[in-house]
Amino acid sequence: MKLIPPARRKRAHLSQLTTTHFHLRHPLVVAFFSFSFPGFGNLMQQRYATAFMLILWELFINTKARINTGILYSLLGDFEKAKAVLDERWLMFYVAIYMYSIWDSYRGSVDMNKLYLLADREDAPISSIRMGIWDINYLDKREPWLALVWSVLAPGLGHLYVHKVITGLFIFTFTILVSYFAHLPEAITYTLTGRFDCATKIIDMQWALYLPSIYSFIFYDAYVSAVEYNKLFEKELAHYLRRRFQPKRFAWPI
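With that settled, the discussion passes to the UniProt feature "transmembrane region" (unreviewed entry) in the chain. Mapped onto the present numbering, the UniProt feature "transmembrane region" (unreviewed entry) falls on residues 21–40, 84–103, 144–162, 169–188 and 208–227. Helix makes up 90% of residues 169–188 and strand 0%, and the two end C-alpha atoms of the span are 24 Å apart. Between the end C-alpha atoms of residues 208–227 there is a gap of 30 Å, over a span that is 90% helix and 0% strand.

So, in structure tokens, the structure goes:
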């Protein structure tokens, strides 16, 4: 009996709280999300330690340097006020980390694409279920549009639907924090009651300008994660059927 050596590279790892796996990503798309908010590209790759460090650093240094406020005045054409509002003491620390975030997410995507192709060609086995005291994680089919709808209703719910619990919990907490300091709930209340002047006065644009990047990432990542998890489910099922039910004399195509 010929023993099959273990696969050199894993295609996926199921834990109780998430499913980490390789799949093809466009490096420019990942780099774009790091460009819009440093750390999001790494979070998309499920490199949590690097992602959380870069995201929290961006939140801290951007707020201290008032970069979002400067961007707002620049878009309004008030360049003198944009220059006046920036804090150059903190701004000097911003550029290097920002460029590194874009470069690292791009480089990581290129490398992960290569690892995915090698692991897929090797037909590495995939675990289908993981059980523990905290949760149960298993591969199954999920509707991408449902992940998108839940993300629209509340940040993080779409990621919980596809069982990316770590990402979902972080996104939920992070978005609530940003919305609170931006005074977004009060601004929405004033807007719905027709008090637009109060809404514009109370909202803090330094914090509010984080939200477009956050929500665009949430919608995209939840939808794509559902699509890729469905592909992973199909690959695991195909691998199982080949190993268990395919005739040994089947001639593999070259």
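The rest of the description comes next.
In this section: the packing of aromatic side chains. According to the stated counting rule, one finds 20 aromatic pairs in the structure shown. Taking the centre distance of 5.4 Å and the plane angle of 20° together, the rings of Tyr-94 and Tyr-98 count as stacked. Here Tyr-94 and its partner Tyr-98 are both found in helix α7 (residues 94–122), 4 residues apart, which amounts to about one turn of the helix. In this structure Tyr-98 comes out as buried when scored by relative accessible area, which is 17%.

Taken together, the side chains of Trp-145, Val-149, Trp-150, Leu-153, Leu-157 and Leu-160 make up a nonpolar region of the molecular surface, amounting to roughly 580 Å² of accessible area. With 4 residues, the single largest contributor to the nonpolar patch is helix α8 (residues 144–153). Within the fold, Trp-145 resides in helix α8.

Scoring rules and cut-offs
Residues numbered from 1 in each chain as written. Predicted model: local features only at pLDDT ≥ 70, side-chain atom pairs only at ≥ 80, totals over all residues. Heavy atoms only, no water. UniProt positions renumbered as here; feature names shortened; annotations may be inferred. Helix = DSSP H or I, 4+ residues; strand = E, 2+ residues; numbered from the N terminus. Phe/Tyr/Trp six-rings, centres within 6.5 Å; stacked < 30°, edge-to-face > 60°. Buried < 20%, exposed > 50% of the residue type's maximum accessible area, 1.4 Å probe, protein only. Patch = residues over 30% accessible without salt bridge, like charges linked within 9 Å, V, L, I, M, F, W, Y side chains within 5 Å. Areas by Shrake-Rupley, 256 points an atom, 1.4 Å probe, with all protein chains shown as cover. Salt bridge = Lys/Arg side-chain N within 4 Å of Asp/Glu carboxyl O.

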